[in-house]
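# Understanding the architecture of this molecule
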Amino acid sequence: MAETIVFYTLSVLILGLAILVVTAKNAVHSVVALVMTFLCVAALYVVLEAEFLAVIQILVYAGGIVVLYLFVVMLVNLGRSPEEHQDPRRLSVFGLGLAGAMLLEVAGIVVYSYNRSASTVTAPAAASPVQGNTQELGWLLYTDYLIPFELASVLLLVAMVGAIVLAKRDL
Amino acid sequence: MLDTVFWPLVKIVVLLNAVMISVTFMTLLERKVIAWAQSRLGPMRVGPYGVLQAFADPIKLMTKEDITPANADKMMFTLAPILSLVPAFVVFAVIPFGDDPLYYVADINVGLLFLISVTSIGVYGIILAGWASNSKYPLLAGLRASAQLISYEIAVTMTLVSVILTAGTLSMVEIVEAQRETGWWIGFIQPVAFVLVLIGGLAETNRAPFDMPEAEQELTGGFHTEYSGMRFGLFFLAEYANMIVISAVVVVLFWGGWLRPFPSVGALALLDYIPSWIWMFSKMFLVLYLFIWIRATLPRYRYDQLMRIGWKVLIPIAIANVVITAVVKVLL
């Protein structure tokens, strides 16, 4: 019961703040609303008993990436009043199509997972030899998901090297 | 109901008030210690030896006029001090001040990570204060602050990984328990990590010699130039609360938290009669004194020096420390 109340409160907050991100006229206000959205999503993870993910969500998104967003927005937006849209209908067809595709995808996922959970009771994954949220996540990352994990780290390394090469042309 | 809601609430109220009172006395201590370091007397007028200065300062701040600049972004200008204060107070929830559950609000299994991530939110207060003031110097200070905090956060977090590897847990309570079981404070096993966290902690709390975001002489006070009265007081409170947090973290991670000195020597068991929280508070006091001592002693770094130390010295050492710790941990 309490969980349901918390879930719906958080959902309303997340959606409201997310709408604020796109509707705010001032870019800095958008970024602040984005931070709040990420914090509420982290709270949602806590409700799902994924404490490690919640904390990482705050650390990486709210504490790291969005600070850089804010940094850039502040530098770009100096002394200029917020821009008004020239033509409110520009790209509206494209945007509507994109939003529709997204909605279809979400609906598909919901229907698929609902059917799946109704028809087959998913067997619990092979019991991991460790206890606790963090340990279990680490265990899975280094056993079942080793290759995706390593690929992701290589990708991040490439992105980092690329950014440095682009920024410093005379190495 | 009583155990899950009432007692934690009582603890939170007591803790927050204790933090605020200790902050007021920290400011007095800082003024006194710096005065002694400079052969002065420091505050002497209010009360015997100026002791009541600790109460005179907050009263002055609260009764001052609260000014919002005409061209400031009203909402963000109001929000910024709150955003910097709240994270500083929230992290006290996971700090264990003694061996009994009575002395901490919560023992969560990702305690240390919670602490790192919540303190990383505090930077928004500083950046937004600089931006919302709509003034040159606060904006420059806000940009410097964000660059500095992001750089040093990487080094500190990397260093904490080696501490987590040594202790084998993320829970603050269990980190201290691990030190009791092995009989070695982690500070003796990881001296490099201790120095790194101390330097990074000074930088993250904007303390001298890394008080670049404030830099009275060149930025006229930094990001809080346009703030007056109690809103300035909130920034002040946040900075000192952060100092107390850092001192508690250093003590819990490296110097055995609430444990007595030499926890493995049976002959000193007599010291166990002293309550655990007294050990914790004395050790925290020593670290806070060290912070003030450093401020009275060292000159401020130049901005480029500060960034160079962060990226080219601290981060490589932190990464090397993690690798060495991991190798040793696997071999042993």
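What counts as what
- Residues numbered from 1 in each chain as written.
- Chains lettered and ligands numbered in written order.
- Predicted model: local features only at pLDDT ≥ 70, side-chain atom pairs only at ≥ 80, totals over all residues.
- Heavy atoms only, no water.
- Helix = DSSP H or I, 4+ residues; strand = E, 2+ residues; numbered from the N terminus.
- Rg over C-alpha atoms; globule rule 2.2 N^0.38 Å.
- Areas by Shrake-Rupley, 256 points an atom, 1.4 Å probe, with all protein chains shown as cover.
- Lys, Arg positive; Asp, Glu negative; His and termini not counted.
- Charge placed at Lys NZ, Arg CZ, Asp CG, Glu CD.
- 1 Å grid on protein atoms, 1.4 Å probe; cavity = no way out; pocket = protein on both sides within 12 Å on 5 of 7 lines; lining within 4 Å.
- Points joined across faces, edges and corners; volume = space filled by probe spheres on them.
- Nonpolar A, V, L, I, M, F, W, Y, C, P; charged D, E, K, R; others polar.
- Patch = residues over 30% accessible without salt bridge, like charges linked within 9 Å, V, L, I, M, F, W, Y side chains within 5 Å.
- Salt bridge = Lys/Arg side-chain N within 4 Å of Asp/Glu carboxyl O.
- Buried < 20%, exposed > 50% of the residue type's maximum accessible area, 1.4 Å probe, protein only.
- Phe/Tyr/Trp six-rings, centres within 6.5 Å; stacked < 30°, edge-to-face > 60°.
- Lys NZ or Arg CZ within 6 Å of the ring centre and 35° of its normal.
- Axes fitted to C-alpha atoms, helices over the stretch in contact; angles between N-to-C directions.
- Left-handed = near helix turned anticlockwise from the far one by under 90°.
- Contact = heavy atoms within 4.5 Å.
- Domains from an automatic or database assignment.
- Buried area = accessible area lost by both parts, 1.4 Å probe.
- Polar contact = N/O pair within 3.5 Å; in protein donor to acceptor, adjacent residues only side chain to side chain.
- Parallel < 35°, antiparallel > 145°, perpendicular 65-115°, else oblique.

## Here we look at the overall build of chain B
- On a plain count of helices and strands, chain B comes out with 13 helices and 0 strands.
- The helix and strand sequence of chain B, counted from the amino end, reads α-α-α-α-α-α-α-α-α-α-α-α-α.
- In terms of overall dimensions, chain B is globule-like: its C-alpha atoms have a radius of gyration of 20 Å, near the 20 Å expected for 332 residues.
- Roughly 15,400 Å² of accessible area belongs to chain B as shown, and the carbon and sulfur atoms make up 71% of that amount.
- Charge centroids of chain B, computed over 21 positive and 22 negative side chains, lie 9 Å from each other.

## A word on empty space enclosed by the protein
All names here are of chain B.
- Evaluated as defined, the whole model comprises 1 cavity of 30 Å³ or more.
- Its volume calculated, the largest cavity comes out at about 480 Å³.
- Contributing to the lining of the largest cavity are 31 residues, with Thr119, Glu204, Thr205, Asn242 and Ile246 lying nearest its centre.
- When contributions to the lining of the largest cavity are tallied by element, the ones reaching two or more residues are α3 (74-90), α4 (111-121), α5 (123-132), α6 (136-167), α9 (191-204) and α11 (229-254).
- The element contributing the most residues to the lining of the largest cavity is α11, with 7 residues.
- Residue composition of the lining of the largest cavity, by class: 17 nonpolar, 10 polar and 4 charged.

## Here we look at a nonpolar patch on the surface
All names here are of chain B.
- On the surface, Ile21, Phe25, Leu41, Met44, Val46, Tyr49, Val51, Leu52, Phe55 and Ile59 cluster together into a nonpolar patch covering about 930 Å² of accessible area.
- When residues of the nonpolar patch are traced back to their parent elements, those giving at least two are α1 (2-37) and α2 (53-63).
- Structurally, leucine 41 is set in the loop between α1 and α2.
- A relative accessible area of 55% places leucine 41 in the exposed class.

## As for the pattern of salt bridges
Residues and elements named next belong to chain B.
- Under the defined criterion, the tally for this structure stands at 6 salt bridges over all chains.
- A salt bridge links arginine 295 to glutamate 30; the nearest nitrogen and oxygen atoms lie 3.0 Å apart. Of this pair, arginine 295 sits in helix α12 (residues 276-297) while glutamate 30 sits in helix α1, and the two are 265 residues apart along the sequence.
- Assessed through its relative accessible area of 34%, arginine 295 is described here as partly exposed.
- Where arginine 180 meets glutamate 177, a salt bridge forms, and the shortest distance between an N and an O atom there is 2.7 Å. In this pair, arginine 180 and glutamate 177 both sit in helix α7 (residues 172-182), 3 residues apart, roughly one turn of the helix.
- Here the salt bridges do not stand alone but share partners, grouping Glu30, Arg207 and Arg295 into one network.

## Brief notes about the packing of aromatic side chains
Residues and elements named next belong to chain B.
- Counted under the stated rule, the structure contains 21 aromatic pairs over all chains.
- When the ring of tyrosine 227 is compared with that of phenylalanine 235, the centres are 5.0 Å apart and the planes differ by 85 degrees; the resulting orientation is edge-to-face. With respect to burial, tyrosine 227 and phenylalanine 235 carry one shared label: buried.
- With a centroid separation of 6.4 Å and an interplanar angle of 55 degrees, the aromatic rings of tyrosine 289 and tryptophan 293 are classed as tilted. Residue tyrosine 289 and its partner tryptophan 293 are located together in helix α12, separated by 4 residues, close to a single helical turn.
- One aromatic cluster is present, built from ring pairs that chain together Trp184, Trp185, Phe188, Phe194, Phe254 and Trp255.
- The ring of tyrosine 303 has arginine 144 lying over it, and the distance from NZ or CZ to the ring centre is 5.3 Å.

## Examining the packing of α9 of chain B against helix α13 (residues 303-331) of chain B
Residue and element names in this part refer to chain B.
- Running from N to C, α9 and α13 point in directions that differ by 145 degrees, and their axes come no closer than 10 Å. In the packing of α9 onto α13, the handedness of the crossing is left-handed. Together, Val192, Ala193, Leu196 and Ile199 of α9 and Leu314, Ile317, Ala318 and Asn321 of α13 make up the contact between the two elements.
- In terms of residue class, the contact of α9 with α13 is made up of 7 nonpolar, 1 polar and no charged.

## Some details on the domain arrangement of chain B
Residue and element names in this part refer to chain B.
- Entries for chain B in the domain assignment read domain 1 (1-63) and domain 2 (67-331).
- Relative to domain 2, the C-alpha centre of domain 1 lies at a distance of 19 Å.
- Note on domain 1 versus domain 2: buried area summed over both sides is about 1,900 Å², and carbon and sulfur give 85% of it.
- The largest per-residue losses of area from domain 1 upon contact with domain 2 belong to Met26, Glu30 and Leu61, which jointly make up 30% of the total buried on that side.
- Summed over the shared surface of domain 1 and domain 2, the result is 2 salt bridges.
- A salt bridge links glutamate 30 to arginine 207; the shortest N-O distance between them is 2.6 Å.
- Scanning the region where domain 1 abuts domain 2 turns up 6 residue pairs in polar contact (both at pLDDT 80 or more).

## As for the packing of helix α1 (residues 2-23) of chain A against helix α2 (residues 27-47) of chain A
Residues and elements named next belong to chain A.
- As a packed pair, α1 and α2 sit with axes 8 Å apart at the nearest point and diverge in direction by 160 degrees. Between α1 and α2, the angle is such that the two are roughly antiparallel. For the pair α1 and α2, the crossing hand works out as left-handed. Residues Glu3, Val6, Phe7, Leu10, Leu13, Ile14, Leu17, Ala18, Leu20 and Val21 of α1 pack against Ser30, Ala33, Leu34, Met36, Thr37, Cys40, Val41, Ala43, Leu44 and Val47 of α2.
- For the contact of α1 with α2, the residue count by class is 17 nonpolar, 2 polar and 1 charged.

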